[in-house]
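Structure at a glance
Take a look at the letters that make up each chain.
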Amino acid sequence: MPMIVIAMPIPPDKYADWRNALDEFAGPRREEYTAARMRQGVTRQGVFVHHTPAGPMEIMVMEADDPGRALQLLATSEESFDVEFREYLMNIYGLDLSQPPPGPLPEQVLDWSAPARV
């Protein structure tokens, strides 16, 4: 399954808001989050926080049939949860999905899986 990994620095003054939002997505808003990801063709997603000397860093791993298309669908959806999610991204990162990314999507340089056991 194709995947994408995106790392974004979390502004220290936004960390509590970031953490609260993820708690909401994993808890009371999980059904909305699930419905959104399914609309976008996402089959699996993990979000990690890496505490670095430069501050917290979000590492997001997403598996989808077409990760680029999943991001495009998120950027253009008029579903209320998706609109609110874009506002969250703008508030935390200043990330405007309606604008083209500043560069290409991350390049995957290794894809390894354990061989099937017989």
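Residues numbered from 1 in each chain as written. Predicted model: local features only at pLDDT ≥ 70, side-chain atom pairs only at ≥ 80, totals over all residues. Heavy atoms only, no water.

Details of the packing of helix α3 (residues 67-76) against helix α4 (residues 80-93)
α4 packs onto α3 with a crossing angle of 100° between their chain directions and a minimal axis gap of 8 Å. The angle between α3 and α4 places the two elements in the roughly perpendicular class. Here α3 contributes Leu74, Ala75 and Thr76 to the contact with α4, which in turn contributes Asp82, Phe85, Arg86 and Leu89. Partitioning the contact of α3 with α4 into residue classes produces four nonpolar, one polar and two charged. (Axes fitted to C-alpha atoms, helices over the stretch in contact; angles between N-to-C directions. Helix = DSSP H or I, 4+ residues; strand = E, 2+ residues; numbered from the N terminus. Parallel < 35°, antiparallel > 145°, perpendicular 65-115°, else oblique. Contact = heavy atoms within 4.5 Å. Nonpolar A, V, L, I, M, F, W, Y, C, P; charged D, E, K, R; others polar.)

Here's the deal with the pattern of salt bridges
Following the criterion strictly, the structure yields three salt bridges and no others. A salt bridge links Glu32 to Arg29, with the nearest nitrogen and oxygen atoms 2.8 Å apart. The partner of Asp82 in a salt bridge is Arg39, with the nearest N and O atoms 3.0 Å apart. Taken together, the residues span a long stretch of sequence, with Asp82 in helix α4 and Arg39 in helix α2 (residues 30-39) at a distance of 43 residues. (Salt bridge = Lys/Arg side-chain N within 4 Å of Asp/Glu carboxyl O.)

So, helix α1 (residues 15-26)
With 12 residues, α1 extends 16 Å between its outermost C-alpha atoms, agreeing within 8% with the 16 Å of an ideal straight helix rising 1.5 Å per residue. Those residues of α1 lying buried are Trp18, Ala21, Leu22 and Phe25. Looking straight down α1, one finds its buried side chains confined to an arc of 100°; they lie on one side. Against the buried residues of α1 lie α2, β2 (42-52), β3 (55-64) and α4. (Expected span 1.5 Å × (residues − 1). Buried < 20%, exposed > 50% of the residue type's maximum accessible area, 1.4 Å probe, protein only. Arc of directions from axis to C-beta.)

Focus: the packing of aromatic side chains
Counted according to the given criterion, the structure contains nine aromatic pairs. Note on Phe25 and Phe81: the rings are 5.8 Å apart at their centroids and 70° apart in plane angle, and the pair reads as edge-to-face. Of this pair, Phe25 sits in helix α1 while Phe81 sits in helix α4, placing them 56 residues apart in sequence. Phe81 matches Phe25 in its accessibility class, with the two residues each being buried. Seen from their ring centres, Phe81 and Phe85 are 6.3 Å apart, and the 25° between their planes marks the pair as stacked. Of this pair, Phe81 and Phe85 both sit in helix α4, four residues apart, roughly one helical turn. Accessibility classification places Phe81 together with Phe85 in one group, the buried group. Taken together, Phe25, Tyr33, Phe81, Phe85 and Tyr88 form an aromatic cluster joined through their ring pairs. A cation sits over an aromatic face here: Arg37 above Tyr33, 4.3 Å from the ring centre. Positioned above the aromatic ring of Phe85 is the side chain of Arg37, whose terminal nitrogen or guanidinium carbon lies 4.7 Å from the ring centre. (Phe/Tyr/Trp six-rings, centres within 6.5 Å; stacked < 30°, edge-to-face > 60°. Lys NZ or Arg CZ within 6 Å of the ring centre and 35° of its normal.)

Purely geometric numbers; function is a separate question.
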